[in-house]
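Working through the structure, step by step
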Amino acid sequence: MEENDFLLRHLGDTRRRIVLLLRSQDRTVRELAGELDLTRNAIRVQLSKLESSQIAEVTGRRPTRRKPEDVYGLTKKAERLFPKSYDTLFNVALSVLKEAEWVDTEQVLRSVGQRLARSHKPRELEEDPTARVERAQSVLEKLGGLPNLFERDDTYRLEGSTCPIASSVRAHGEVACDVASALLEELTELPVERRCDADETCPQCEFVIGKKP
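It should be emphasised that the depicted structure is a prediction, and the values quoted were computed from it without experimental measurement.

**Description of the sheet that holds strand β3 (residues 69-74)**
Spatially, three strands are ordered β1-β3-β2 in an open sheet, and the strand pairing comes out antiparallel. In this open sheet, the two strands that pair with only one neighbour each are β1 (27-28) and β2 (56-62). With six bridges joining them, β2 and β3 adopt antiparallel strand pairing. Bridge pairing in β3 places Ala 56 opposite Leu 74. Across the sheet, helix α2 (residues 13-24) lies against β1, β2 and β3, angled at about 95° from β3, the strand it touches most.

Have a look at this one:
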(Lines give C-alpha, C1' and ligand atoms only; values in the text may rest on other atoms or scores of the structure.)
Protein backbone atom coordinates (compact mmCIF):
# COMPACT_ATOMS: atom_id res chain seq x y z
CA MET A 1 0.00 0.00 0.00
CA GLU A 2 2.86 2.40 0.76
CA GLU A 3 4.32 1.81 -2.70
CA ASN A 4 0.99 2.58 -4.38
CA ASP A 5 0.56 5.74 -2.29
CA PHE A 6 4.12 6.74 -3.26
CA LEU A 7 3.36 6.33 -6.95
CA LEU A 8 0.19 8.40 -6.76
CA ARG A 9 1.90 11.20 -4.83
CA HIS A 10 4.78 11.34 -7.32
CA LEU A 11 2.48 11.76 -10.29
CA GLY A 12 2.02 15.38 -9.27
CA ASP A 13 -1.18 16.86 -7.91
CA THR A 14 -2.94 17.52 -11.22
CA ARG A 15 -2.16 14.13 -12.75
CA ARG A 16 -3.11 12.43 -9.48
CA ARG A 17 -6.49 14.17 -9.55
CA ILE A 18 -6.99 13.20 -13.20
CA VAL A 19 -6.22 9.57 -12.39
CA LEU A 20 -8.69 9.57 -9.52
CA LEU A 21 -11.41 11.05 -11.75
CA LEU A 22 -10.73 8.56 -14.55
CA ARG A 23 -10.83 5.73 -12.07
CA SER A 24 -14.51 6.39 -11.39
CA GLN A 25 -15.45 6.80 -15.08
CA ASP A 26 -13.95 7.65 -18.48
CA ARG A 27 -14.02 11.36 -19.35
CA THR A 28 -13.26 13.78 -22.18
CA VAL A 29 -10.75 16.63 -22.01
CA ARG A 30 -13.64 19.07 -21.69
CA GLU A 31 -15.15 17.15 -18.78
CA LEU A 32 -11.82 16.90 -16.96
CA ALA A 33 -11.18 20.62 -17.47
CA GLY A 34 -14.58 21.40 -15.97
CA GLU A 35 -14.07 19.09 -12.97
CA LEU A 36 -10.61 20.47 -12.17
CA ASP A 37 -11.22 24.10 -13.17
CA LEU A 38 -8.28 24.06 -15.60
CA THR A 39 -7.89 24.94 -19.27
CA ARG A 40 -8.28 22.19 -21.86
CA ASN A 41 -4.70 22.73 -23.00
CA ALA A 42 -3.47 22.17 -19.44
CA ILE A 43 -5.45 18.92 -19.27
CA ARG A 44 -4.07 17.78 -22.64
CA VAL A 45 -0.49 18.32 -21.42
CA GLN A 46 -1.12 16.19 -18.33
CA LEU A 47 -2.96 13.49 -20.30
CA SER A 48 -0.04 13.34 -22.75
CA LYS A 49 2.30 12.60 -19.83
CA LEU A 50 -0.07 9.97 -18.46
CA GLU A 51 -0.27 8.37 -21.91
CA SER A 52 3.54 8.32 -22.16
CA SER A 53 3.61 6.54 -18.79
CA GLN A 54 0.98 4.07 -20.05
CA ILE A 55 -1.40 5.11 -17.28
CA ALA A 56 -4.12 6.74 -19.42
CA GLU A 57 -5.35 6.00 -22.93
CA VAL A 58 -8.07 6.92 -25.40
CA THR A 59 -10.95 4.49 -24.87
CA GLY A 60 -13.43 5.83 -27.39
CA ARG A 61 -15.00 8.79 -29.18
CA ARG A 62 -18.02 10.84 -28.10
CA PRO A 63 -20.09 12.74 -30.70
CA THR A 64 -20.72 16.46 -30.18
CA ARG A 65 -22.33 19.24 -32.24
CA ARG A 66 -18.98 20.22 -33.74
CA LYS A 67 -16.75 17.17 -33.89
CA PRO A 68 -16.28 13.96 -31.89
CA GLU A 69 -14.22 14.19 -28.69
CA ASP A 70 -11.74 11.60 -27.47
CA VAL A 71 -12.73 9.83 -24.28
CA TYR A 72 -9.93 8.94 -21.86
CA GLY A 73 -9.72 6.14 -19.34
CA LEU A 74 -7.11 4.27 -17.33
CA THR A 75 -5.01 1.43 -18.70
CA LYS A 76 -4.64 -1.94 -17.02
CA LYS A 77 -1.18 -0.83 -15.92
CA ALA A 78 -2.79 1.98 -13.91
CA GLU A 79 -4.35 -0.57 -11.58
CA ARG A 80 -0.96 -1.01 -9.91
CA LEU A 81 -1.41 2.49 -8.49
CA PHE A 82 -4.19 1.24 -6.27
CA PRO A 83 -3.95 -1.35 -3.48
CA LYS A 84 -5.81 -4.56 -4.27
CA SER A 85 -4.18 -7.59 -2.65
CA TYR A 86 -5.41 -6.92 0.87
CA ASP A 87 -9.01 -7.44 -0.32
CA THR A 88 -8.29 -11.14 -0.90
CA LEU A 89 -6.61 -11.44 2.49
CA PHE A 90 -9.51 -9.65 4.20
CA ASN A 91 -12.00 -11.91 2.45
CA VAL A 92 -10.28 -15.04 3.76
CA ALA A 93 -9.88 -13.61 7.27
CA LEU A 94 -13.57 -12.69 7.35
CA SER A 95 -14.52 -16.23 6.32
CA VAL A 96 -12.47 -17.64 9.20
CA LEU A 97 -14.05 -15.22 11.68
CA LYS A 98 -17.58 -16.09 10.60
CA GLU A 99 -16.87 -19.81 10.93
CA ALA A 100 -15.73 -19.38 14.54
CA GLU A 101 -19.04 -19.40 16.45
CA TRP A 102 -17.46 -17.98 19.59
CA VAL A 103 -16.31 -14.81 17.77
CA ASP A 104 -18.48 -11.69 17.55
CA THR A 105 -17.53 -10.90 13.94
CA GLU A 106 -19.18 -7.49 13.87
CA GLN A 107 -17.38 -6.35 17.02
CA VAL A 108 -14.03 -7.61 15.74
CA LEU A 109 -14.47 -5.71 12.47
CA ARG A 110 -15.41 -2.54 14.29
CA SER A 111 -12.35 -2.88 16.49
CA VAL A 112 -10.19 -3.25 13.38
CA GLY A 113 -11.68 -0.08 11.91
CA GLN A 114 -11.18 1.86 15.13
CA ARG A 115 -7.56 0.80 15.49
CA LEU A 116 -6.83 1.59 11.84
CA ALA A 117 -8.38 5.05 12.30
CA ARG A 118 -6.21 5.83 15.31
CA SER A 119 -3.08 5.44 13.22
CA HIS A 120 -4.35 8.29 11.00
CA LYS A 121 -5.97 10.42 13.68
CA PRO A 122 -4.23 13.63 14.87
CA ARG A 123 -3.69 14.18 18.58
CA GLU A 124 -5.91 17.24 18.49
CA LEU A 125 -9.02 16.71 16.39
CA GLU A 126 -10.19 19.62 14.25
CA GLU A 127 -13.14 21.53 15.69
CA ASP A 128 -14.62 22.02 12.23
CA PRO A 129 -16.64 18.88 11.34
CA THR A 130 -16.04 19.49 7.63
CA ALA A 131 -12.28 19.25 8.18
CA ARG A 132 -12.77 15.96 10.04
CA VAL A 133 -14.84 14.47 7.24
CA GLU A 134 -12.36 15.65 4.61
CA ARG A 135 -9.56 13.98 6.57
CA ALA A 136 -11.59 10.78 6.69
CA GLN A 137 -12.17 11.02 2.92
CA SER A 138 -8.41 11.33 2.41
CA VAL A 139 -7.76 8.25 4.56
CA LEU A 140 -10.26 6.22 2.53
CA GLU A 141 -8.48 7.29 -0.67
CA LYS A 142 -5.15 6.10 0.74
CA LEU A 143 -6.78 2.75 1.49
CA GLY A 144 -7.87 2.35 -2.11
CA GLY A 145 -11.36 3.84 -2.05
CA LEU A 146 -12.67 6.62 -4.25
CA PRO A 147 -15.26 8.48 -2.14
CA ASN A 148 -17.05 11.61 -3.31
CA LEU A 149 -18.08 14.03 -0.58
CA PHE A 150 -21.46 15.79 -0.61
CA GLU A 151 -22.64 18.21 2.07
CA ARG A 152 -26.21 18.97 3.07
CA ASP A 153 -27.70 21.13 5.80
CA ASP A 154 -27.35 18.59 8.60
CA THR A 155 -25.28 15.75 7.10
CA TYR A 156 -22.31 14.81 4.95
CA ARG A 157 -22.47 11.95 2.49
CA LEU A 158 -19.51 9.89 1.30
CA GLU A 159 -20.27 7.89 -1.83
CA GLY A 160 -17.77 5.54 -3.43
CA SER A 161 -18.06 4.28 -7.00
CA THR A 162 -15.07 1.97 -6.44
CA CYS A 163 -15.14 -0.39 -3.47
CA PRO A 164 -11.63 -1.39 -2.27
CA ILE A 165 -13.00 -4.56 -0.64
CA ALA A 166 -15.45 -5.48 -3.39
CA SER A 167 -14.82 -9.23 -3.31
CA SER A 168 -15.34 -9.30 0.47
CA VAL A 169 -18.61 -7.41 0.14
CA ARG A 170 -19.78 -9.78 -2.60
CA ALA A 171 -18.96 -12.80 -0.43
CA HIS A 172 -20.16 -11.55 2.96
CA GLY A 173 -22.53 -8.67 2.34
CA GLU A 174 -22.52 -5.34 4.15
CA VAL A 175 -20.98 -6.80 7.31
CA ALA A 176 -17.65 -6.28 5.51
CA CYS A 177 -18.38 -2.55 5.53
CA ASP A 178 -18.30 -2.45 9.34
CA VAL A 179 -14.57 -1.74 9.19
CA ALA A 180 -15.11 1.43 7.14
CA SER A 181 -18.06 2.51 9.26
CA ALA A 182 -16.09 2.21 12.49
CA LEU A 183 -13.09 3.93 10.90
CA LEU A 184 -15.23 6.92 9.92
CA GLU A 185 -16.81 7.17 13.36
CA GLU A 186 -13.41 7.14 15.02
CA LEU A 187 -11.86 9.68 12.64
CA THR A 188 -14.75 12.15 12.73
CA GLU A 189 -16.23 11.47 16.19
CA LEU A 190 -19.59 11.94 14.49
CA PRO A 191 -22.50 9.51 14.01
CA VAL A 192 -22.22 7.40 10.87
CA GLU A 193 -25.05 5.59 9.08
CA ARG A 194 -24.05 2.92 6.61
CA ARG A 195 -26.10 2.76 3.41
CA CYS A 196 -23.85 0.62 1.24
CA ASP A 197 -25.27 -1.38 -1.66
CA ALA A 198 -23.81 -4.89 -1.54
CA ASP A 199 -24.72 -5.64 -5.14
CA GLU A 200 -22.91 -8.77 -6.32
CA THR A 201 -21.81 -7.25 -9.63
CA CYS A 202 -20.75 -3.77 -8.48
CA PRO A 203 -20.79 -2.94 -4.74
CA GLN A 204 -21.34 0.75 -4.00
CA CYS A 205 -20.24 2.49 -0.79
CA GLU A 206 -22.36 5.12 0.92
CA PHE A 207 -22.01 6.56 4.42
CA VAL A 208 -24.12 9.36 5.87
CA ILE A 209 -22.34 11.35 8.57
CA GLY A 210 -24.20 13.61 10.98
CA LYS A 211 -22.78 17.06 11.76
CA LYS A 212 -23.43 16.78 15.47
CA PRO A 213 -21.95 14.18 17.86
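**Structural notes on the pairing of strand β4 (residues 147-151)**
Taken together, the five bridges between β4 and strand β5 (residues 155-160) define a ladder with antiparallel strand orientation. Following the sheet pairing, Leu 149 is matched in β5 by Leu 158. Linking β4 to β5, which pair antiparallel, is a turn of three residues.

**A word on the side chain of Arg 110**
Counting through the fold element by element, Arg 110 comes out in helix α6 (residues 105-118). Those residues in contact with Arg 110, other than ones at most four positions away along the chain, are Asp 178, Ser 181, Ala 182 and Glu 185.

**What to know about the nonpolar core**
In terms of nonpolar packing, the biggest core is built from 28 residues, with Phe 90, Leu 183, Leu 184, Phe 207 and Ile 209 touching the most fellow members. Elements with a contribution of two residues or more to this core: α5 (85-99), α6, α7 (129-142), β5, α8 (166-172), α9 (178-188) and β7 (205-210). With five residues, the single largest contributor to this core is α9. Ranked by size, the runner-up nonpolar core spans 17 residues in total, among them Ile 18, Leu 22, Val 29 and Leu 74.

**Quick notes on the packing of aromatic side chains**
Applying the stated criterion across every chain, the model contains zero aromatic pairs. The ring of Tyr 156 is capped by Lys 211, whose NZ or CZ atom sits 5.0 Å from the centre of that ring.

Quick notes on the rules
Residues numbered from 1 in each chain as written. Predicted model: local features only at pLDDT ≥ 70, side-chain atom pairs only at ≥ 80, totals over all residues. Heavy atoms only, no water. Pairing = 2+ DSSP bridges. Helix = DSSP H or I, 4+ residues; strand = E, 2+ residues; numbered from the N terminus. Contact = heavy atoms within 4.5 Å. Axes fitted to C-alpha atoms, helices over the stretch in contact; angles between N-to-C directions. Core = buried A, V, L, I, M, F, W, Y, C linked by side-chain atoms within 4.5 Å. Buried < 20%, exposed > 50% of the residue type's maximum accessible area, 1.4 Å probe, protein only. Phe/Tyr/Trp six-rings, centres within 6.5 Å; stacked < 30°, edge-to-face > 60°. Lys NZ or Arg CZ within 6 Å of the ring centre and 35° of its normal.

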